[in-house]
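# Secondary and tertiary structure notes
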Amino acid sequence: MMRNLTLLAILLMFLLSSKHIEADLRVGFYHDKCPSAEAIIRYEVSIAFSSNRGIAPGLVRLHFHNCFVRDQSLTNQAEKDGPPNGISSRGLEVIDNAKARLEASCKGTVSCADILAYAARDSIVLTGGLYWDVPAGRRDGRISNASETVDIADKGLSQDDMVALLGMSEVHAHTIGRSHCTSFANRLYSFNSTTSQDPKLNPVLAQFLKQQCPRNAQGAVSQTDVVFMNPTPNLMDSSYYGNLFQRNGLFTSDQTLLDSQKTTRQVAFYAAQGLAWQINFVQAMIKMSQIQVLTGTQGEIRVNCRVINP
């Protein structure tokens, strides 16, 4: 009973805090401008998800990186082409399809940045996560640098926000996603100068990963080999956090969450309280999606999400 009351209190706090959003962004932004906008995006995400559930983490990941970097430009190497995105930017075709339909219905109205925000939310819901109202009104940028995907500086998110986001979105949508073997191969074969295998990695998991990610005759791991990162790869749950205590975190960044007392306490809390994690995750997503947004007359509304307007 006490546990249910605690979770109810957390949920109430979430609902209240979600109303405090960036002044230039608002829920229902397209109700008058393009009433079918959210329905069109939700339909395209649902259709893609029905044939390929892996599209969900791909869309979340696209939104995550779009929040930290400026959008694609024809004048330089785009964010989607830079490491670590170059070999795994799944979901772009869903954004293209949604954008084409929106342009036919409401020409020059719905930004690509907002499409990504809605698509990420819909992906979370389809995999069992909480629904939230997306504040919209973003505009699309005209500059992008691939290097910005690597050097992610402090963008105003707290440590608590990042721990919550790591459970789902970070670099590889940990909870419902998959990863290319090249993203963690160093933990298996060349960790540092004194040991080839990361001692923080569960030996049983390490052996399994080596079978899934073998080295070739040249000692390299294939860039196309992938593994699922969670026993329930198509369901949003908090098992990611429990796995860390078994040393089953796939990436170095995962396992380092247990290096400090504060983050260890938060990991333990999320492992035991899945609903609390989902609530905090949504709050962090809303906060993240307001990082350095363009609004009003800034930027542009792209016709094609892959290129800036002429």
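Computed from a predicted model, the values in this text were never measured in an experiment. (Residues numbered from 1 in each chain as written. Predicted model: local features only at pLDDT ≥ 70, side-chain atom pairs only at ≥ 80, totals over all residues. Heavy atoms only, no water.)

## Observations regarding the pattern of salt bridges
- Summed over the entire model, instances satisfying the criterion amount to 11 salt bridges.
- The partner of Arg 101 in a salt bridge is Glu 44, with the nearest N and O atoms 3.3 Å apart. Of this pair, Arg 101 sits in helix α4 (residues 92–105) while Glu 44 sits in helix α2 (residues 37–51), placing them 57 residues apart in sequence.
- We classify Arg 101 as partly exposed; its relative accessible area is 34%. (Salt bridge = Lys/Arg side-chain N within 4 Å of Asp/Glu carboxyl O. Helix = DSSP H or I, 4+ residues; strand = E, 2+ residues; numbered from the N terminus. Buried < 20%, exposed > 50% of the residue type's maximum accessible area, 1.4 Å probe, protein only.)

## Focus on the packing of α2 against helix α5 (residues 112–126)
- For the pair α2 and α5, the least separation of the axes is 9 Å and the interaxial angle reads 50°. Accordingly, the angle class assigned to the pair α2 and α5 is oblique. Between α2 and α5 lies a crossing whose hand is right-handed. Between α2 and α5, the residues in contact are Glu 38, Ile 41, Arg 42, Val 45, Ser 46 and Phe 49 and Ile 115, Tyr 118, Ala 119, Arg 121, Asp 122, Ser 123 and Leu 126, respectively. (Axes fitted to C-alpha atoms, helices over the stretch in contact; angles between N-to-C directions. Parallel < 35°, antiparallel > 145°, perpendicular 65-115°, else oblique. Left-handed = near helix turned anticlockwise from the far one by under 90°. Contact = heavy atoms within 4.5 Å.)

## Here's the deal with the state of the cysteines
- Per the stated rule, a full pass over the model turns up 3 disulfides.
- Sulfur-sulfur distance for the disulfide between Cys 34 and Cys 106 comes to 2.1 Å. The S-S bond linking Cys 34 to Cys 106 shows a torsion near 75°; that makes this disulfide right-handed. Placement of Cys 34 in the loop between α1 (2–17) and α2 and of Cys 106 in the loop between α4 and α5 is noted, with a sequence separation of 72 residues between them.
- For Cys 34, a relative accessible area of 1% puts it in the buried group.
- One disulfide in the model links Cys 181 with Cys 213; its S-S distance is 2.0 Å. (Disulfide = S-S within 2.5 Å.)

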